[in-house]
Amino acid sequence: MAAYQTSLQGEFDHFVHYIKNEVLNRSSSASLEEELEERLGQVRCCLLAFERYSFTGSNRVSLSVTILGAGQQLEVMAAATGGSQAMFFKVNTWGEESFLDTLVEAVENYQ
């Protein structure tokens, strides 16, 4: 599993829309499998679950992205999983790391 976490400033709805577009447009096989959103008082949360085919690993990998927003403060947490072909341990994580890098680049470009 590859993971990433960061804080940044921005408008919640704009950032969520931006992340969906960036992840989907940077990979021809990426799809948004699920999107959940919740609000608790002034705090908003969005969970995005993406999936794509990894050509390097010849398998599918997933990317779960959680975005928390309170005012202009945003927190982003992401984890890429899947991709290994072994039964008891991971033999490759190329696809996971590559998928996560797609998100990291998009977040860093947003800042």
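Described below are features of the structure shown in this document. (Residues numbered from 1 in each chain as written. Predicted model: local features only at pLDDT ≥ 70, side-chain atom pairs only at ≥ 80, totals over all residues. Heavy atoms only, no water.)

Details of the overall build of the protein
Note the threshold: Under the DSSP-based scheme used, a helix requires at least four consecutive residues in state H or I and a strand at least two consecutive residues in state E, with every element numbered from the N terminus. A 1.4 Å probe rolled over the protein chains alone gives each residue an accessible area, and that area as a share of the maximum for its type sets the label: buried under 20%, exposed over 50%, partly exposed in between. Note on definitions: a residue-residue contact is assigned when non-hydrogen atoms from the two residues lie within 4.5 Å.
If you tally the helices and strands in the protein, you get two helices and five strands. Listing the helices and strands of the protein from first to last along the sequence gives β-α-β-β-β-β-α. Across the 111 residues of the protein, 38% fall into the buried class. When contacts within the protein are restricted to residue pairs at least 6 apart in sequence, those whose partners lie at least 24 apart make up 55%.

A word on the pairing of strand S5 (residues 73–82)
Counted only if it meets this: If DSSP finds at least two bridges between two strands, the strands pair.
In the sheet, strand S1 (residues 2–9) pairs with S5 via eight bridges, with the strands oriented antiparallel. In the strand pairing of S5, Ala-3 is matched with Ala-79. Of the pairings in the sheet, the one linking strand S4 (residues 59–70) to S5 comprises 10 bridges and is antiparallel in character. In the strand pairing of S5, Ser-62 is matched with Thr-81. Count of turn residues in the S4/S5 antiparallel hairpin: two residues, of which Gly-71 carries a positive phi of about 65°.

Some words on the nonpolar core
Keep this limit in mind: Note on terminology: a nonpolar core comprises buried Ala, Val, Leu, Ile, Met, Phe, Trp, Tyr and Cys residues joined through side-chain atoms within 4.5 Å.
With 26 residues, the main nonpolar core has Phe-15, Ile-19, Leu-63, Val-65, Leu-100 and Leu-103 as its most contacted residues. Contributions of two or more residues to this core are made by S1, helix H1 (12–25), strand S3 (43–54), S4, S5 and helix H2 (94–110). Not counting the four nearest positions on each side in its chain, Ile-19 is found in contact with Leu-48, Phe-50, Leu-103, Ala-106 and Val-107.

What to know about the pattern of salt bridges
We apply this condition: By definition, a salt bridge exists where a carboxyl oxygen of Asp or Glu is found within 4 Å of a side-chain nitrogen of Lys or Arg.
Counted under the stated rule, the structure contains six salt bridges. The shortest N-O distance in the salt bridge between Asp-13 and Arg-44 comes to 2.7 Å. Taken together, the residues Asp-13 in helix H1 and Arg-44 in strand S3 connect sequence positions 31 residues apart. On the accessibility criterion, Asp-13 (40% relative accessible area) is partly exposed. A salt bridge links Glu-51 to Arg-60, with the nearest nitrogen and oxygen atoms 2.8 Å apart. Residue classification places Glu-51 among the partly exposed positions, given a relative accessible area of 26%. A network of salt bridges, in which partner residues are shared, links Asp-13, Glu-37 and Arg-44.

Structural notes on the environment of Val-16
Topologically, Val-16 is positioned in helix H1. As for Val-16 and Cys-45, which are separated by 29 residues in sequence, their C-alpha atoms are 9.9 Å apart. Apart from the residues within four sequence positions on either side, Val-16 is in contact with Glu-35, Cys-46 and Ile-67.

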